[in-house]
Amino acid sequence: TSNQMWGGRFAAGPDAIMEAINASIGFDQRMAAQDIAGSRAHAAMLGATGIVSPSDVEAIRKGLLTVLSEIETGQFQFSTALEDIHMNVESRLTEVIGAPAGRLHTARSRNDQVATDFRLWVRDQLDATDAGLVALMKALLTQAEVGAGWVMPGFTHLQTAQPVTWGHHMMAYVEMFARDLSRVRDARKRMNESPLGAAALAGTSFPIDRHMTAEALGFDRPMANSLDAVSDRDFALEFLSTASICAMHLSRFAEELVIWSSAQFRFVTLSDRFSTGSSIMPQKKNPDAAELIRAKIGRIFGANVALMMVMKGLPLAYSKDMQEDKEQVFDAADNLMLALAAMEGMVKDMSANRESLERAAASGFSTATDLADWLVRILDLPFRQAHHITGALVALAEKKGCDLPDLTLADMQGVHEGITDAVFEVLGVHNSVASRLSYGGTAPTRVREQVARWQELLG
Ligand code: ARG
């Protein structure tokens, strides 16, 4: 038998394979609440404009609430034959209220309907991402506040570079996640326009009020071009690319946690709650959550690329290709939320090992730059010459198998006779970080200023 929604011109129903490739109900049922919200706004508008009678609108309103509660309580029977969430809901509405249900689709198409539902869904995800990022930033701020003065090695090329503070390192991620947050908020602002009322592609001859439905659904305004409204999925792509950049940040931090929690580093201890064991090696405590967060960028960026490929080359307006937008976005959103929550949990629970950090900070000639700077200041040497002298001191220490502070004054004066006792002060890691007072620098005072600034911003 042919389809009850569009079967007028069809003599036969679809092949089973046709039904299988065509149906989206398996995944788009996640937009049920959005679909019903959109239909309620549309029905109310049809009533207000006199397009549908008040009694029919009231029947539709009540019926939609019944259908919603059936879905929410798990009683709803989703049907693949009915393709998607839109037709599943409308079909059930017909069963519940009868004839008036047939008026709901006046001045509407599934094309503007799906664009509306999906925008509402993505908007909710942007809000959830916003909240997840704020929670993670707060957890990082707590770490930064506690360890604002704790010294650790800063790396370039993963080789010891200069001492930095634990707080400074945590605050670097606060800045990154803050930019992710501002991207989320930008995206939300840009996408918050209503496609509803664009109908199939050309608008409608009914005297609809698109401003009314836009406002009812929390949109800032109706979209200005009906072709654009049903054709583009840039809002979904913007969510995916924002999610990708955020996942990239999460992945870098996760990688650091994997390295830092190893026996060789011992910079942090991850909590039991966010670690797993090995079924053969009894000593193991693995940073699985961090590893999985590190991996999530793969599928999230994959979703971004996949949807970009789906959309490229599609002529205006709607093509069924666009049904492939949802699974990518759902999967990326689910995994981004998991990654954010897992990272927040790990950061809240983890403890930095202050002694290991400090020991590591003092090794690897980490204060060589301080020494060179000191030679410039005390002996008024050009920086290049000071760099050379310091290099010779590093080579000497390496030969003796010790670190810079372990050299004797005589050793040092053998390289440059102008060096005095005062040198040992600049070789200390605490003095090193305390001296980095330039704006944005690692000095504990500067870090505390930034912590206070962000605490105020985040409330
Ligand atoms: N399930 C479809 C989708 O997700 C809804 C829109 C169908 N529109 C159409 N003209 N067939 O894109």
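Residues numbered from 1 in each chain as written. Predicted model: local features only at pLDDT ≥ 70, side-chain atom pairs only at ≥ 80, totals over all residues. Heavy atoms only, no water.

### As for a nonpolar patch on the surface
Together, F301, V305, M308 and M309 give the surface a local cluster of nonpolar side chains, amounting to about 370 Å² of exposed area. Summarising the element assignment, V305 is placed in helix α11 (residues 288-311). A relative accessible area of 36% means that V305 is categorised as partly exposed. (Patch = residues over 30% accessible without salt bridge, like charges linked within 9 Å, V, L, I, M, F, W, Y side chains within 5 Å. Areas by Shrake-Rupley, 256 points an atom, 1.4 Å probe, with all protein chains shown as cover. Salt bridge = Lys/Arg side-chain N within 4 Å of Asp/Glu carboxyl O. Helix = DSSP H or I, 4+ residues; strand = E, 2+ residues; numbered from the N terminus. Buried < 20%, exposed > 50% of the residue type's maximum accessible area, 1.4 Å probe, protein only.)

### Here we look at α11
Compared with the 34 Å implied by 1.5 Å per residue over 24 residues, the 35 Å span of α11 between its first and last C-alpha is a close match. Within α11, burial applies to A289, A290, I293, K296, I300, A303, N304, L307 and M311. Residues of α11 that are buried sit in contact with α9 (226-231), α10 (234-260) and α12 (325-349). In the stretch just after α11, G313 is the one whose phi turns positive, near 80°. (Expected span 1.5 Å × (residues − 1). Contact = heavy atoms within 4.5 Å.)

### Notes on the site of the ligand
By nearness alone, every residue bordering the ligand is listed as S24, D28, D84, H86, R110, N111, V114, Y318, K320, Q323 and K326. One of the side-chain N or O atoms of S24 is found 3.2 Å from a nitrogen atom in the ligand. Here an oxygen atom of the ligand and a side-chain polar atom of K326 are 2.7 Å apart. Relative to its unbound accessible surface of 340 Å², the ligand loses 87% to contact with the protein. With three residues, helix α6 (residues 110-146) is the largest single contributor of residues to the shell around the ligand. Split into classes, the residues belonging to the shell around the ligand amount to two nonpolar, four polar and five charged. (Near = heavy atom within 4 Å. Polar contact = N/O pair within 3.5 Å; in protein donor to acceptor, adjacent residues only side chain to side chain. Nonpolar A, V, L, I, M, F, W, Y, C, P; charged D, E, K, R; others polar.)

### Topic: the pairing of strand β1 (residues 151-156)
Summarising the sheet, β1 and strand β2 (residues 159-165) pair through six bridges and their orientation is antiparallel. By the bridge assignment, V151 is partnered in β2 with T165. In sequence, β1 turns back onto β2 through a hairpin of two residues, with H157 there showing a positive phi of about 60°. (Pairing = 2+ DSSP bridges.)

### Quick look at the side chain of R210
Relative to the elements of secondary structure, R210 occurs in helix α8 (residues 210-216). Despite its burial, R210 pairs with no opposite charge, the nearest such side chain being D112 at 6.8 Å. Polar contacts involving the side chain of R210 include one to the main-chain carbonyl oxygen of L196, which spans 2.8 Å. With residues up to four places along the chain from it excluded, the contact list for R210 reads S194, P195, L196, G197, A198, P222 and M223. (Lys, Arg positive; Asp, Glu negative; His and termini not counted.)

### A word on the confidence of the model for the chain
Residues with a pLDDT of 70 or more make up 100% of the chain, whose mean pLDDT is 96. Here the prediction assigns the complex a pTM of 0.94, and the interface score ipTM is 0.97. (pLDDT = per-residue confidence, 0-100.)

### Brief notes about the side chain of S194
Relative to the helices and strands, S194 is located in strand β3 (residues 193-194). Taking the relative accessible area as the measure of exposure, S194 reaches 0% and is therefore buried. At 3.2 Å, the side chain of S194 and the backbone nitrogen of L196 are in polar contact.

### With respect to the UniProt feature "domain: Argininosuccinate lyase C-terminal" (unreviewed entry) in the chain
Sequence positions flagged by UniProt for "domain: Argininosuccinate lyase C-terminal" (unreviewed entry) are, in local numbering, residues 365-434. Between the end C-alpha atoms of residues 365-434 the distance is 17 Å, and the span holds 67% helix and 0% strand. (UniProt positions renumbered as here; feature names shortened; annotations may be inferred.)

### Details of the nonpolar core
Core analysis: the largest hydrophobic core is formed by 91 residues, its most contacted members being W166, L250, F253, W260 and M343. Take this core: its biggest share by element is 15 residues, from α10. Sequence-distant contacts of F253, that is, excluding residues within four places in its chain, are made with L140, M170, Y173, W260, M343, V347 and M350. Within the second largest apolar cluster, 20 residues are counted, among which are W374, V394, L407 and V423. (Core = buried A, V, L, I, M, F, W, Y, C linked by side-chain atoms within 4.5 Å.)

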